[in-house]
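One letter stands for each residue in the lines below.
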Amino acid sequence: MTARRPLIAGNWKMNGLKADAELLAGGLASRYKALQKPAFDMLLCPPATLVSVVAGHIAGSGLVLGGQDCHASEKGAHTGDISAWMLRDLGCGYVIVGHSERRADHRESNAVVKDKAQAAQAAGLIAVICIGETEGERDRGEALSVVSEQIRGSLPAGATAQNTVLAYEPVWAIGTGRTPTPDDVAEIHAEARKVANQVMGGGGESLRILYGGSVKPSNAVDFLGLTDVDGALVGGASLKVDDFWAIAQACDA
Ligand SMILES: O=C(CO)COP(=O)(O)O
């Protein structure tokens, strides 16, 4: 059996005001804290405006905190951007980089994602590097090659299983209610682990690889039960305490 500890990560995206954060983070913190021996890590990635607020609500609970993006530089003249060091300063242990919404909305290339991941790791954060094919790429039979290329292009030189998490999120499954079959996910994750292992020069067996895209309580076990799936990156369903918690329970199923 694998020694990889499951990671259940909530990406709140551009959602939430202070009152929502209190309910959501506070509700999850009290449930997580009540566990005798949690069998999974739980990560909350609120929008930047709520990172400090959430930090206050999860203090002492064992939940971990992350940003949704960071700049590749430590500081400087980059209006509106946030550095990995700033996230670290607020208590973050993780940051998502290369989410497909940023790759699309902000034209982030693999090279940009790699620089951001490198900055995250230099700041002492774990980079959650997102990869995943579009619907057209899958239809053309290119899913495996696209994902491999993204891994080769987005993982920085110093990536290890300790400072990196991969998240496979097929673009067409995000927010659509559609998902790949468990067999498709298993195939991609096995390939992703193989390629990451090559890029990292070993250590890929310990690397956590998450699945993301329309994960909900009713399908979580289908994905979290797969050998090479080490957790989930959840969008919409991470905005409801009961749903997100139910997804995490699938780690024990
Ligand atoms: O993009 C995602 C998480 O990063 C997935 O979003 P949904 O769970 O809403 O499909």
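Preceding block: the structure.
Not measured: the values here are computed from a predicted model.

### What to know about the environment of glycine 98
Part 1 of the reasoning: Among the structural elements, glycine 98 can be located in the loop between β4 (94–97) and α4 (100–105).
Part 2 of the reasoning: For the pair formed by glycine 98 and aspartate 69, sequence separation is 29 residues and the distance between their alpha carbons is 7.7 Å.
Part 3 of the reasoning: Not counting chain neighbours up to four residues away, the residues in contact with glycine 98 comprise Arg103, Glu108, Val113, Ile129, Cys130 and Ser154.

### Focus: the site of the ligand
Part 1 of the reasoning: With respect to spatial proximity, 14 residues lie near the ligand, and among them Asn11, Ile174, Gly175, Gly235 and Gly236 are the closest.
Part 2 of the reasoning: Taken together, the residues of the shell around the ligand sort by class into five nonpolar, eight polar and one charged.

### Let's talk about helix α2 (residues 51–58)
Part 1 of the reasoning: Buried within α2 are the following residues: Val51, Val54, His57 and Ile58. One face of α2 carries all of its buried residues, which in axial projection span an arc of 125°.
Part 2 of the reasoning: Where α2 is buried, its residues contact α1 (18–34), β2 (41–45), β3 (64–67) and α3 (84–89).
Part 3 of the reasoning: Among the residues trailing α2, glycine 60 stands out with phi positive, at a value near 80°.

Reading the values: the criteria
- Residues numbered from 1 in each chain as written.
- Predicted model: local features only at pLDDT ≥ 70, side-chain atom pairs only at ≥ 80, totals over all residues.
- Helix = DSSP H or I, 4+ residues; strand = E, 2+ residues; numbered from the N terminus.
- Contact = placed C-beta atoms within 7 Å.
- Near = placed C-beta within 6 Å.
- Nonpolar A, V, L, I, M, F, W, Y, C, P; charged D, E, K, R; others polar.
- Buried ≥ 20, exposed ≤ 12 C-beta atoms within 10 Å, placed from the backbone.
- Arc of directions from axis to C-beta.

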